[in-house]
Amino acid sequence: MQAHMRSSHLIVVCFVFFSLSFLRMRASRQPFLNLFCILWLLLLLKAASCSPLPSGEDSPPPLLPSGLYKGHTCVGCVLVVSVIEQLAQWHNSTVKAAVERLCNYIPEKLQGFCYILAELYGPHIAELIDREMNADVVCHSLRLCKQDPGQPLCHLYPPPKVGLSTAIWKAKRILKTSKDLKSTTRFSNLCAFPLLANLCEKTKYVIRNKLPFEDFDGDKFSTFPTLRGYHWRGRDCDDRNTTVYPGRRPDNWDVKSDSNCNGIWGVDPKDGIPYEEKFCKGADSRGVVLLGDSAGAHFHIPPEWMTVTQMSAKSFANLPMAFTDELDWPQFSEITGFLNSTIGGWTDSLYLRLRRRNRCNHRDLQNISQNGGSSRNLLNLMKSLARNQLLDNPAIVIYATIGNDVCNRNHDTLAHMTTPKEMLSNVMQALRYLDSRLPNGSHVILTGLVDGRFLWDNLHDRYHPLGQLNRDITYSQLYSFLNCLEVSPCNGWLTPNETLRNLTSERALQLSDVLKEIARSEKFANFDVFYMDFPLRQTAEEWRKMGGKPWQLIEPVDGFHPSQIAAALGTSITWQKALHEWPQVLGRENPFNDQIEAIFKDQGGH
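What counts and what doesn't
Residues numbered from 1 in each chain as written. Predicted model: local features only at pLDDT ≥ 70, side-chain atom pairs only at ≥ 80, totals over all residues. Heavy atoms only, no water. Phe/Tyr/Trp six-rings, centres within 6.5 Å; stacked < 30°, edge-to-face > 60°. Helix = DSSP H or I, 4+ residues; strand = E, 2+ residues; numbered from the N terminus. Buried < 20%, exposed > 50% of the residue type's maximum accessible area, 1.4 Å probe, protein only. Disulfide = S-S within 2.5 Å. Arc of directions from axis to C-beta. Contact = heavy atoms within 4.5 Å. Pairing = 2+ DSSP bridges. Axes fitted to C-alpha atoms, helices over the stretch in contact; angles between N-to-C directions. Parallel < 35°, antiparallel > 145°, perpendicular 65-115°, else oblique. Left-handed = near helix turned anticlockwise from the far one by under 90°. Nonpolar A, V, L, I, M, F, W, Y, C, P; charged D, E, K, R; others polar.

> Outline the packing of aromatic side chains, supporting the account with residue identities and numerical values.
Taken as a whole and judged by the stated rule, the model has 11 aromatic pairs. Pairing F221 with Y245 gives two aromatic rings, centres 6.0 Å apart and planes at 10°, and the pair type is stacked. With a gap of 24 residues between them, F221 in the loop between helix 8 (194-209) and helix 9 (275-280) and Y245 in the loop between helix 8 and helix 9 connect regions that are remote in the sequence. Under the relative-accessibility criterion, F221 is labelled buried at 1%.

Structure, rendered in structure tokens:
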């Protein structure tokens with residue numbers, strides 16, 4: 001599904017300073033970090049901002065606007081203050097010590113800015129928590145949560161006995177002034193500095209177009225993992241040669257060098273035949289491309305980031321990587337995953353199975369997904385596809401926007417859902433574009449929308465990670481809080497209103513029927529089209545047989561996205577369907593796989 005694109009303007013400040021460090025230090029190939037790249041508050045704002053793009057909004061907002069989006073700011077503040085309060089409780093320490101502990105958990109090179117924030121906000125937070133005021137009261141009194149005229153006061157926790165309004169009034173009286181807090185808004189005008197203008201423009205371009213930040217030859221492939229690098233697309237094996245990249249047909253059978261980065265090149269000294277020709281000629285080589293949303297990108301927030309009983313420096317070791325991958329983990333995802341999961345569960349992906357079936361497919365993957373992806377904004381996103389009709393191998397394209405066409409943050413959510421007519425237009429435009437880009441012999445699989453009633457049914461009365469210590473926050477409370485702030489990932493499904501949940505699923509089914517009809521009736525020159533339902537029911541049944549519980553198939557922090565377990569199980573179901581119903585999509589099994597492995601080992605790795 002998605003994590004709202006509006007949140008991109010919350011992370012650009014850190015992105016810019018990360019990029020400055022990147023430009024200075026990339027020769028070392030180390031995870032270079034700058035203290036400005038850590039802003040715990042903004043990370044949690046990003047984590048919380050799961051609502052989709054408003055209707056008609058196809059790209060991120062302008063870079064570094066004058067202020068932060070107030071709903072996300074409020075969520076981030078409440079989460080951070082809650083973590084600080086619980087750290088003090090769990091370790092039986094002062095609030096000041098809890099803030100210091102939190103900053104010490106963050107990777108060393110990133111701690112500086114955390115301490116700046118602690119200096120700015122810490123005394124105010126400590127004073128209010130010491131007076132037994134909860135996170136809602138603290139954040140409203142600090143003016144990080146704001147109430148629009150005529151709108152209710154949004155809160156995550158049950159209101160204090162004196163009432164939320166009275167408690168906030170008392171807290172403001174205690175603080176008297178928060179003039180110094182306004183200094184944080186100065187960060188929003190960084191791009192006005194001449195020295196940063198060019199870097200800001202490049203950062204803006206990368207964020208909007210989802211292309212690698214480091215790509216010296218401009219072929220859309222990179223040798224750097226994050227910042228839309230090889231976690232998202234197969235790793236380039238020569239980033240200074242635009243004719244060398246994953247997925248292309250070999251140049252002169254790769255006699256002298258590896259032009260397609262699959263690790264197979266050179267000549268067999270026994271018979272003088274190039275290895276690429278011997279092992280891959282006529283092998284039905286093909287890549288896999290995902291056009292998707294944050295479910296396809298594999299959005300994940302580690303629950304240990306806000307579960308104080310599990311929190312440690314080790315918990316945050318992956319924070320820089322997660323941040324620069326937009327809190328997505330495509331390297332573990334259902335379609336393009338290739339690394340062993342470090343976030344629970346296990347990795348199984350369509351790419352890995354295609355590679356096992358034919359090792360000539362090594363590194364031929366592209367995850368062209370975005371948080372907030374829908375049939376509308378994929379029309380722009382898919383322009384970042386790297387495929388040459390004349391030079392490259394065919395591709396299997398998975399088109400999977402499984403929720404955002406019915407999910408939005410608006411209170412009148414039904415009025416903002418994609419209609420069947422709009423869905424037909426959007427998908428047909430996308431397919432016509434693909435027909436002009438994909439090599440002949442490609443395949444497209446359209447995936448239906450999920451039935452999101454599964455979320456409420458299995459989570460609403462369970463405790464959220466933030467509520468496990470004191471058993472005081474359920475997913476129902478979290479959903480209501482996000483709905484009130486108009487930053488919910490899906491007002492139609494994450495609601496106690498059963499009628500609305502049913503209507504949302506009804507629209508999702510209508511849109512899936514549109515995809516099904518397209519696959520049945522439409523023909524294209526360079527690919528055939530197939531349809532499959534999103535395999536939620538089969539995934540849940542398979543997990544039940546393995547002894548699992550349905551709620552374990554949902555990401556625990558956002559309570560919305562498929563978990564790592566769900567992704568791996570979904571791969572198996574998709575593969576079996578293709579193998580039995582559309583075997584031509586997967587290509588033949590390569591009889592030379594063992595010989596390739598014996599000679600080229602891991603083929604240069606990923």
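> Residue-level account of the state of the cysteines, with values.
Counted by the stated rule, this structure contains seven disulfides. The side chain of C74 participates in a disulfide bridge whose partner is C145; the two sulfur atoms lie 1.9 Å from each other. Disulfide C74-C145: torsion about the S-S bond near 90°, hence right-handed. Pair noted here: C74 is in helix 3 (residues 70-90) and C145 is in the loop between helix 6 (135-141) and helix 7 (164-175), with a separation of 71 residues, a long-range link. Each disulfide pairs two cysteine sulfurs, and for C154 the partner residue is C484, the sulfurs being separated by 2.0 Å. Sign of the S-S torsion, about -80° for the bond between C154 and C484, identifies this disulfide as left-handed. Here the residue C154 occupies a position in the loop between helix 6 and helix 7, and C484 occupies one in helix 16 (residues 475-485), the gap between them amounting to 330 residues.

> Outline helix 18 (residues 536-545), listing residues and values.
Regarding helix 18, the residues found buried are L536, T539 and W543. End-on, the buried residues of helix 18 take up no more than an arc of 60°, which puts them together on one face. Facing away from the buried side of helix 18, by more than 90 degrees, are the exposed residues R537 and K545. At its buried positions, helix 18 is contacted by helix 15 (453-459) and helix 19 (564-581). Where helix 18 ends, the next residue or the one after it, G547, has phi of about 95°, a positive value.

> Just give me the short version of the pairing of strand 1 (residues 287-292), but keep the residues and values in it.
In terms of burial, strand 1 is largely enclosed, as six of its six residues are buried. The alternating pattern of strand 1 places G287, V289 and L291 and V288, L290 and G292 on opposite faces, both of which are buried. The pairing of strand 1 with strand 3 (residues 395-400) spans six bridges and is parallel. What sits directly across from G287, in strand 3, is A395. For strand 1 and strand 2 (residues 365-369), the ladder comprises five bridges, and the chain directions are parallel. Bridged to V289 within strand 2 is Q366.

> Give me the lowdown on helix 21 (residues 593-600), citing residues and values where you can.
Within an α-helix, residues lying three or four positions from one another point in the same direction, as the helix has 3.6 residues per turn. Along helix 21, the residues that are buried comprise N593, I596 and F600. Looking straight down helix 21, one finds that the buried residues subtend no more than 60° of arc, so they occupy a single side. Elements in contact with the buried residues of helix 21: helix 9 and helix 12 (350-357). Phi turns positive, to about 55°, at K601, one or two residues after helix 21.

> Account for the packing of helix 4 (residues 95-105) against helix 5 (residues 111-130), with residues named and values stated.
The packing of two helices is summarised by the inter-axis angle and the distance between the axes. One way to put it is that helix 4 packs onto helix 5 with a least axis distance of 9 Å and a crossing angle of 155°. With respect to their mutual orientation, helix 4 and helix 5 come out roughly antiparallel. At the point where helix 4 passes helix 5, the crossing takes the right-handed sense. Residues V95, V99, E100, C103 and N104 of helix 4 lie in contact with helix 5, whose contacting residues are Q111, C114, Y115, A118, I125, A126, I129 and D130. Considered class by class, the residues forming the contact of helix 4 with helix 5 number nine nonpolar, two polar and two charged.

> Explain the packing of helix 18 against helix 19 residue by residue, including any values.
With their axes 9 Å apart at the nearest point, helix 18 and helix 19 run at an angle of 110° to one another. In terms of orientation, helix 18 lies roughly perpendicular with respect to helix 19. Listed contacts from helix 19 to Q538, T539, E542 and W543 of helix 18 are I565, A566, L569, G570 and I573. Looking at the contact of helix 18 with helix 19, its residues break down into five nonpolar, three polar and one charged.

Spatial relationships are all this shows, so hold off on functional conclusions.
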